[in-house]
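# Observations on chain architecture
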Amino acid sequence: MAVEQTLSLNKPDATRRILVCAICQVFEAAGLRIVAQKRLHLTLEQAKAFYAVHASRPFYNDLCSYMASGPIVAMVLQGEGAIAKNRDVMGATNPANAAEGTIRKLFAESIEANSVHGSDAPETAVQEIAYFFSGLELVG
Ligand code: CMP
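These lines cover the structure that appears in this document, whether it is placed above or below. Given the structure is predicted, the values throughout are model-derived calculations rather than measurements.

Once that is clear, we can look at the overall build of the protein chain. Looking only at helices and strands, the protein chain features seven helices and four strands. What you see in the protein chain, going N to C, is helices and strands ordered as β-α-α-β-α-α-β-α-α-β-α. Along the first, second and third principal axes, the C-alpha atoms of the protein chain reach 35 × 35 × 25 Å. Within the protein chain, the proportion of its 140 residues that are buried is 46%. For the protein chain, the share of sequence-separated contacts (at least 6 apart) that also reach a separation of at least 24 residues comes to 77%. Here the protein chain has roughly 7,100 Å² of accessible surface; of this, 54% comes from carbon and sulfur atoms. In the protein chain, 12 positive and 14 negative side-chain charges are present, and the distance between their average locations comes to 4 Å.

Structure (structure tokens):
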């Protein structure tokens, strides 16, 4: 299996409840290496640009307001099959449907405050990583 990189965000509910290290431990225990990481507070415009793919969805405005409501931690995870592995480790978008042991089952509060975001495909991983990081900031 190929070594991949994928974007992960710890959402405002995770930073507010001081869960960043607990969530990173789940990634690292799954063999995902954190090769870049930064804490930032998105403006509403930055959140809207990041989630532009969801612009037509009924939850878009609430999602963007939520993502701009507090600090997030952006990181790049690297490993064999990292994109799918990260999605497995995160669990289902709605924590009510998330499997035991997944981050969203362990920590998420709701479908909106679901603690983490992860890229869903190779193309989006490239775009999403570039939204937050330059190549110089990726240190394998
Ligand atoms: P995320 O993986 O960050 O991608 C888009 C986000 O929209 C998703 O996680 C959810 O947190 C959020 N969201 C809010 N409401 C819904 C919904 N009804 N269906 C899907 N995603 C939703």
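A few words on the site of the ligand. Residues in close proximity to the ligand include Lys11, Tyr51, His54, Phe59, Leu63, Thr93, Arg104, Ile111, Glu112, Asn114 and His117, which together make up its full environment. At a separation of 3.4 Å, an oxygen atom of the ligand approaches a polar side-chain atom of Arg104. Take His117: an N or O atom from its side chain is 2.9 Å from an oxygen atom of the ligand. When the ligand sits alone it has 460 Å² of accessible area, and the protein chains cover 78% of it. The cavity where the ligand resides is the largest pocket.

This brings us to the pattern of salt bridges. One pass over the full model with this rule turns up five salt bridges. Here Arg17 makes a salt bridge to Asp13, at a shortest N to O gap of 2.6 Å. Classification of Asp13 by relative accessible area gives buried; the value is 1%. Between Glu100 and Lys105 there is a salt bridge, with its nearest N and O atoms 3.8 Å apart.

For the rest of this paragraph, the subject is unusual backbone geometry. For Ile18, which is not glycine, the phi dihedral falls at a positive 55°. Relative to the helices and strands, Ile18 is located in the loop between helix H1 (12-16) and helix H2 (20-29). Residue Ile18 is classed as exposed on the basis of its relative accessible area, which comes to 75%.

Take the sheet that holds strand E4 (residues 116-118) next. Strand order across the open sheet formed by four strands is E2-E3-E1-E4, with antiparallel pairing between neighbours. Edge positions in the sheet fall to strand E2 (33-40) and E4, since each has one partner strand and no second. The sheet shows a mean angle of 20° between the axes of neighbouring strands, taken without regard to direction. Note: E2 against strand E3 (residues 72-80), seven bridges, orientation antiparallel. What sits directly across from Gln37, in E3, is Met75. Against the sheet, helix H5 (residues 82-90) makes contact with strand E1 (3-10), E3 and E4, and its axis sits at roughly 35° relative to E1, the strand it touches most. On top of the sheet, helix H7 (residues 122-132) reaches E1, E2, E3 and E4; it is set at about 55° to E1, its chief contact.

The rules behind the values
Residues numbered from 1 in each chain as written. Predicted model: local features only at pLDDT ≥ 70, side-chain atom pairs only at ≥ 80, totals over all residues. Heavy atoms only, no water. Helix = DSSP H or I, 4+ residues; strand = E, 2+ residues; numbered from the N terminus. Buried < 20%, exposed > 50% of the residue type's maximum accessible area, 1.4 Å probe, protein only. Contact = heavy atoms within 4.5 Å. Areas by Shrake-Rupley, 256 points an atom, 1.4 Å probe, with all protein chains shown as cover. Lys, Arg positive; Asp, Glu negative; His and termini not counted. Charge placed at Lys NZ, Arg CZ, Asp CG, Glu CD. Near = heavy atom within 4 Å. Polar contact = N/O pair within 3.5 Å; in protein donor to acceptor, adjacent residues only side chain to side chain. 1 Å grid on protein atoms, 1.4 Å probe; cavity = no way out; pocket = protein on both sides within 12 Å on 5 of 7 lines; lining within 4 Å. Sits in = over half its atoms within 2 Å of the grid points. Salt bridge = Lys/Arg side-chain N within 4 Å of Asp/Glu carboxyl O. Pairing = 2+ DSSP bridges. Axes fitted to C-alpha atoms, helices over the stretch in contact; angles between N-to-C directions.

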